[in-house]
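Residue-level structural notes
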Amino acid sequence: MAKPDDALIFDDTGDAAHQFTRLTAIMECLRDPESGCPWDLEQDFASIAPYTIEEAHEVADAIARQAWSELPGELGDLALQVVYHAQMASEDGRFDISDVLRAINAKMVARHPHVFGDESREKSAEQQTADWEAIKAAERKAAGKSERVGVLDGVALGLPALTRAIKLQNRAARVGFDWPSTDEVLDKIVEEARELEEARDELGPEELAEEYGDLLFVMVNLGRHLGLDPEASLRAANLKFTNRFKHIERELEARGKAPKDSDLAEMDALWNEAKARKIK
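Structural notes, computed from the coordinates. Bear in mind the structure is a predicted one, so any value in this text is a computation, not a measurement.

1. A word on the overall build of the protein
- On a plain count of helices and strands, the protein comes out with 13 helices and zero strands.
- Against the globule reference of 19 Å for 280 residues, the protein gives a C-alpha radius of gyration of 25 Å, more extended than a compact globule.
- Projected onto the principal axes, the alpha-carbon positions of the protein cover approximately 70 × 55 × 45 Å.
- Looking at the protein as a whole, 24% of its 280 residues qualify as buried.
- In the protein, the share of contacts with a sequence separation of at least 24, taken over all contacts with a separation of at least 6, comes to 50%.
- Only carbon and sulfur atoms are counted for the fraction: they give 56% of the accessible area of the protein, which is about 18800 Å².
- Each charge class in the protein was averaged separately, 35 positive and 57 negative side chains, and the resulting centres sit 4 Å apart.

2. Observations concerning the packing of aromatic side chains
- Overall, the coordinates contain three aromatic pairs when judged by the stated rule.
- Ring geometry for Trp-39 and Tyr-51: centres 5.9 Å apart, planes at 80 degrees, overall edge-to-face. Pair noted here: Trp-39 is in helix H3 (residues 38-42) and Tyr-51 is in helix H4 (residues 45-64), with a separation of 12 residues, a long-range link.
- Between Phe-241 and Phe-245, the aromatic rings sit 6.2 Å apart at their centres with planes inclined by 15 degrees, giving stacked as the arrangement. Highlighted residues: Phe-241 and Phe-245, both in helix H12 (residues 230-254), separated by four residues, approximately one helical turn.
- Taken together through their ring pairs, the aromatic side chains of Phe-241, Phe-245 and Trp-271 make up a single cluster.
- Sitting above the plane of the Trp-271 ring, Arg-244 keeps its charged end 5.9 Å from the centroid.

3. Thoughts on the packing of helix H2 (residues 16-30) against helix H5 (residues 71-91)
- At a closest axis distance of 10 Å, the pairing of H2 and H5 adopts a crossing angle of 55 degrees. Relative to H5, the element H2 lies oblique. For the element pair H2 and H5, the recorded crossing hand is right-handed. Each of Phe-20, Leu-23, Thr-24, Met-27 and Glu-28 in H2 lies in contact with H5, whose residues at this interface are Ala-79, Leu-80, Val-83, Tyr-84 and Gln-87.

4. Some thoughts on helix H11 (residues 205-225)
- With 21 residues, H11 should reach 30 Å at 1.5 Å per residue; the first-to-last C-alpha distance of 30 Å fits that figure.
- Considered for burial, the residues of H11 that qualify are Glu-211, Leu-215, Val-218, Val-220, Asn-221, Leu-222, Gly-223 and Arg-224.
- Of the surrounding elements, those touching the buried residues of H11 are helix H9 (161-174), helix H10 (182-202) and H12.
- Residue Gly-227 follows H11 closely and has a positive phi angle near 75 degrees.

5. Brief notes about the side chain of Arg-111
- Examined against the element boundaries, Arg-111 turns out to sit in the loop between helix H6 (97-110) and helix H7 (113-116).
- In this structure, Arg-111 is in contact with Trp-132, Ile-135, Lys-136 and Glu-139, ignoring residues within four places of it in sequence.

6. Overview of the nonpolar core
- Counting seven residues, the largest nonpolar core is built from Met-27, Ile-48, Val-83, Tyr-84, Ala-86, Met-88 and Ile-97.
- Take this core: its biggest share by element is four residues, from H5.
- Residue contacts for Ile-48: discarding those within four places in its chain leaves Trp-39, Gln-43, Gln-81, Tyr-84, His-85 and Met-88.

The rules we used
Numbers given to residues run from 1 along each chain, matching the order in which its sequence is written. With pLDDT at 70 or above as the cut-off, local features in this predicted model cover only qualifying residues; side-chain atom pairs require 80 or more to be listed or tallied, and sums for whole chains, interfaces and linings still use all residues. Side-chain calculation: all heavy atoms of the structure are included, whereas hydrogens and water are not. Numbering of helices and strands runs from the N terminus; a helix is a DSSP stretch of H or I covering at least four residues, while a strand is a stretch of E covering at least two. Atoms counted for the radius of gyration: C-alpha only. Globule rule: 2.2 Å times the number of residues to the power 0.38. Under the scheme applied here, a residue whose accessible area is under 20% of the maximum for its type counts as buried, over 50% as exposed, and between as partly exposed, the area being computed with a 1.4 Å probe on protein chains only. By the convention used here, residues are in contact when the closest approach between their heavy atoms is within 4.5 Å. Surface exposure here means Shrake-Rupley accessible area, sampled with a 1.4 Å probe, where a residue is shielded only by the protein chains that are shown. Asp and Glu count as negative and Lys and Arg as positive, but His and the ends of the chain are not part of the count. All charge positions are set by atom: Lys at NZ, Arg at CZ, Asp at CG, Glu at CD. Centres within 6.5 Å are what make two rings of Phe, Tyr or Trp a pair, Trp counting through its six-membered ring; a difference in plane orientation under 30 degrees is then read as stacked, over 60 as edge-to-face, and the rest as tilted. Ring-over charges, as used throughout, are those where CZ of Arg or NZ of Lys falls within 6 Å of the ring centre and within 35 degrees of the ring normal. Only C-alpha atoms enter the line fits that serve as axes; for helices the fit covers just the stretch in contact. Angles between N-to-C directions range over 0 to 180 degrees. Should an angle lie under 35 degrees it is considered roughly parallel, over 145 roughly antiparallel, and from 65 to 115 roughly perpendicular; all remaining angles are considered oblique. Two helices cross in a left-handed way if the nearer one is turned anticlockwise from the farther one by less than a right angle. They cross in a right-handed way if the turn is clockwise. Take the residue count of a helix, subtract one, and multiply by 1.5 Å to get its expected span. What makes a nonpolar core is a set of buried Ala, Val, Leu, Ile, Met, Phe, Trp, Tyr and Cys residues whose side-chain atoms join them at distances within 4.5 Å.

Here is the structure:
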């Protein structure tokens, strides 16, 4: 395969199609066995996968902070990850970027018959979600995959744990395995908290970790029943904690101190001050 020429690599003009072609050409050059980047040449699917996850989180972070000027760059980093995996696959003769794009285009058209076909557009979002799952099941069957697909099959193991928990719970709820209201979920939280306390006092670290996981899982279920995204809620809580702790640091600095020079009583008073100011 001929190497991309410099005219393409350094041409910063043109539309989206040109820029995407340029990106694939840059990636091809980086992976060139003779003239490519040594670091890029050492990478494989397994070593790049953590960067793919990290870049997706950085996109979510920019959105959460409403850092719109940063978002194009973060989305570009994520797009690079797709191109990176496709380039490595192309080198192995598995598939290339055209196959990736063709697959997602076909999937989006097939899974939206209410947009690209003759089905009604009046369906609720809930019904469209059910239709989506039915179409996915039909796709698996057409691909020759086992018809005995479990309800929870296909929920990716690599998802953040909170996100995977809510997806598992949503899958189970679709077949009726769910509490009818938040009252039962709250009762279960109390039960799991008591079991965690007992594990702390009477059991070993493995049992303690298990009970802690059970409590987290039920907390996710409460968020689902309340219509809240646990990942987004915890992300917001992390941001609030960060901003309030920064308030503590600023106030201590004004007093000529650092946190290590303070004590819990002083820092807690400053924390309450940040709460009173509604710092988030």
